[in-house]
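Spelled out from the first residue to the last, the chains are:
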Protein chains: 2
Amino acid sequence: MRSDPLAITFADVQSAADVIDGVAVRTPLLEFLPLSERVGSRVLVKFEGLQHTGSFKFRGAYNRLARLTPEERKAGVVAWSSGNHAQGVAAAAKMLDIKAAIVMPADAPAVKIANTRALGAEIIAYDRYTQSREEIATDLARARGATLVPSFDDPFIIAGQGTAGLEIVEQAAAAGADIGRLLVCCGGGGLVAGIATAVRETHPEVPIYSVEPEAFDDTARSLVSGRRETVAPGATSICDALLAPSPGALTFPINKALLTAGLSVSDAEVAEAMRFAFLSLKLVVEPGGAVALAALLAGKAPAAAGATVIVMSGANVDGADFARILANG
Amino acid sequence: MRSDPLAITFADVQSAADVIDGVAVRTPLLEFLPLSERVGSRVLVKFEGLQHTGSFKFRGAYNRLARLTPEERKAGVVAWSSGNHAQGVAAAAKMLDIKAAIVMPADAPAVKIANTRALGAEIIAYDRYTQSREEIATDLARARGATLVPSFDDPFIIAGQGTAGLEIVEQAAAAGADIGRLLVCCGGGGLVAGIATAVRETHPEVPIYSVEPEAFDDTARSLVSGRRETVAPGATSICDALLAPSPGALTFPINKALLTAGLSVSDAEVAEAMRFAFLSLKLVVEPGGAVALAALLAGKAPAAAGATVIVMSGANVDGADFARILANG
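Note that the structure is a prediction, hence the values are computed from the model and not measured. (Residues numbered from 1 in each chain as written. Chains lettered and ligands numbered in written order. Predicted model: local features only at pLDDT ≥ 70, side-chain atom pairs only at ≥ 80, totals over all residues. Heavy atoms only, no water.)

A look at the sheet that holds strand β3 (residues 77-80) of chain B
Hydrogen bonding along the main chain pairs the strands of a sheet, whether they run parallel or antiparallel. All names here are of chain B. Strand order across the open sheet formed by 4 strands is β5-β4-β3-β6, with parallel pairing between neighbours. Single-partner strands in this sheet number two, and they are β5 (122-126) and β6 (147-148). Sheet topology places β3 next to β6; 2 bridges connect them, and they run parallel. Within the sheet, the bridge partner assigned to Val 77 lies in β6 and is Thr 147. (Pairing = 2+ DSSP bridges. Helix = DSSP H or I, 4+ residues; strand = E, 2+ residues; numbered from the N terminus.)

Focus: the interface of chain B and chain A
Contacts between chain B and chain A engage 27 residues on the former and 27 residues on the latter. The junction of chain B with chain A conceals about 1,900 Å² of combined surface from both sides, 74% of it contributed by carbon and sulfur atoms. The largest share of the area that chain B buries against chain A comes from Leu 50, Phe 278 and Lys 282 of chain B, three residues that together contribute 32% of it. Linking chain B with chain A are 0 salt bridges, by the criterion used here. Our count for the chain B to chain A interface comes out at 6 residue pairs in polar contact (both at pLDDT 80 or more). Elements supplying a minimum of two residues to the side of chain B that touches chain A: α2 (33-39), α5 (84-95), α12 (267-281) and α14 (319-327) of chain B. At 4 residues, the largest contribution of residues to the side of chain B that touches chain A is made by α14 of chain B. In terms of residue class, the side of chain B that touches chain A is built from 18 nonpolar, 5 polar and 4 charged. (Contact = heavy atoms within 4.5 Å. Buried area = accessible area lost by both parts, 1.4 Å probe. Salt bridge = Lys/Arg side-chain N within 4 Å of Asp/Glu carboxyl O. Polar contact = N/O pair within 3.5 Å; in protein donor to acceptor, adjacent residues only side chain to side chain. Nonpolar A, V, L, I, M, F, W, Y, C, P; charged D, E, K, R; others polar.)

Overview of the relation of the copies chain B and chain A
Rotating chain B by 180° and moving it 0.0 Å along the rotation axis overlays it on chain A with an RMSD of 0.0 Å. Taken together, the rotation and translation describe the operation of a two-fold axis. Interface residue correspondence from chain B to chain A reaches 100%, placing this contact among same-surface, isologous pairings. (Least-squares fit on C-alpha atoms with pLDDT ≥ 70 in both.)

Examining the sheet that holds strand β9 (residues 261-265) of chain A
Residue and element names in this part refer to chain A. Here we have 6 strands laid out as an open sheet, ordered β1-β2-β10-β7-β8-β9, and mixed in their pairing. Here the strands that pair on one side only, and so sit at the sheet edges, are β1 (29-31) and β9. Mean inter-strand twist for the sheet, computed between neighbouring axes without regard to direction, equals 30°. Bridge analysis of strand β7 (residues 179-185) against strand β8 (residues 208-213) gives 4 bridges, and the strand direction is parallel. (Axes fitted to C-alpha atoms, helices over the stretch in contact; angles between N-to-C directions.)

Quick word on the packing of aromatic side chains
Enumeration according to the criterion identifies 7 aromatic pairs over all chains in this entry. Aromatic pair Phe 58 of chain A and Tyr 62 of chain A: ring centres 5.6 Å apart, planes at 35°, arrangement tilted. With a gap of 4 residues between them, Phe 58 of chain A and Tyr 62 of chain A both fall in helix α3 (residues 57-65), about one helical turn apart. This pair shows no difference in class: Phe 58 of chain A is buried, exactly as Tyr 62 of chain A is. Residues Phe 322 of chain A and Phe 322 of chain B carry aromatic rings whose centres are separated by 6.2 Å and whose planes lie at 70° to one another, so their mutual orientation is edge-to-face. In this pair, Phe 322 of chain A sits in helix α14 (residues 319-327) while Phe 322 of chain B sits in helix α14, so the two residues belong to two different chains. A single burial state applies to Phe 322 of chain A and to Phe 322 of chain B, both of which are buried. Members of the aromatic cluster, joined through ring pairs, are Phe 278 and Phe 322 of chain A together with Phe 278 and Phe 322 of chain B. (Phe/Tyr/Trp six-rings, centres within 6.5 Å; stacked < 30°, edge-to-face > 60°. Buried < 20%, exposed > 50% of the residue type's maximum accessible area, 1.4 Å probe, protein only.)

Structure, rendered in structure tokens:
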């Protein structure tokens, strides 16, 4: 039985790193005594809240947009996103002088809509429950001759997100840490697919886990069944960044080949992780960005020798929502 | 007219850096597009919220405690503090296996009291309005034969805080930034005195400003009058870490010799800075740690060519207080 090649290779991640070098933030890999003490072994935190636009999404978006031809750049780009990909595309488009139109749910966090608009993008609001964002975006792109920029199912996007994995490997080595296990937030699976591609090159045996909200554990179940499972209709979660209904056509084969397993966490565990990050790490993290930390704190990941690396993937959360989560502690 | 030598020299800061090397966190000097864009020039943020115990105070405390003789270590240490110095001393004492007793106001932020206790220190609560913490601590130290660890008026404490300045100079150079001005939070003046001692060695002409809460602008007024001014009785501020009633006997001569001027900010400007840090920097900062950012955002610092460096000195704030400040935005 022959299987198709994966959508990206390690060389694609290296190429993306060249493209974003000096443009994206090389986010720090941070270490905290209270976290390592609580877990009982060394923990390193890749905090993508410090990336441009407050999430890892800028990496992939910039790598994608930088590959457009001059003609494509002139025609502009269209994307759909609940907010982090929107901001990443808007920021990359602004830097590269490309017009961006973003289809966003009307009930996305206000901070995400406001930031996307502030970056100069055109916002097209839709109703998450009655309209298809794919249709709206596809029609718009066709009408304008613009390029659609998917939020995860695109080789340049996946490779761009993978640059965070290259940095993790380099930064962990610089810190004298042996990576024992790696936990990465997962929505459509682009970030974990890219990071796994980067890390597997030098760490073929290290356990790598995707982490999802319990009601959106499609990647975890797909990794078990071996085929792309979908989320139950009506599922909800506070993790607005991780509501993808199924693993991607390009991301899932990568994750199936490279991941150890999928973990999942409850909204209560996510809120607890956000409070821990506030009190003990002094970092703001959004719900979707906190799932890997939540899984670690809740003891969901099998123990492993060596250091634990977790990715905190984003930090775009409204003040009112953050205040409510702090108050519920 | 001859003046006494200053309490510390550049060599003392270098010596402190050797002592804390590999023990304290080398906190990152961070850069954010939204902040640089708002200010109109490059801004670099030294974020001491990532230091052990969530503030710069660990630097000085560890440098002080590491200098104790074996006999002094056995007899333990006593300190008074509203919370950040308390945690710094408690953490350093724990690492060095020294018993620590800390005199803390009963109305200090709960997170600061809880963290100090969790670090193994004995807490002695006092009433901020009717009791003298100096007397309680001095009596206790005498009764136990323990060493008093002042929160700022001590050469080893000042030199220890100065290590943040050494790192700023090195990290700014590594980032290719020319330091054009430097803004540092100021309570008793230990942090800014130490940092100024470190930075002046290589940057004799760069403007360095202390920043205080408006009602506690004793250092600013003292820099104008040339002598140690005091705070008006009954003064209040949300900056619980910066309520020192007058500049220190050791810190003021340093600051008089090395600082350009003192700036001050209102509590409303501090709250605005905390919200900005939350929304745009994704960092938690406590009121006293936000005054330099507040001064920068409020345009209080005279313009200068080159990069602006600000210190965000601490991040120990209760969730309820933080939630209230977010909600007031």
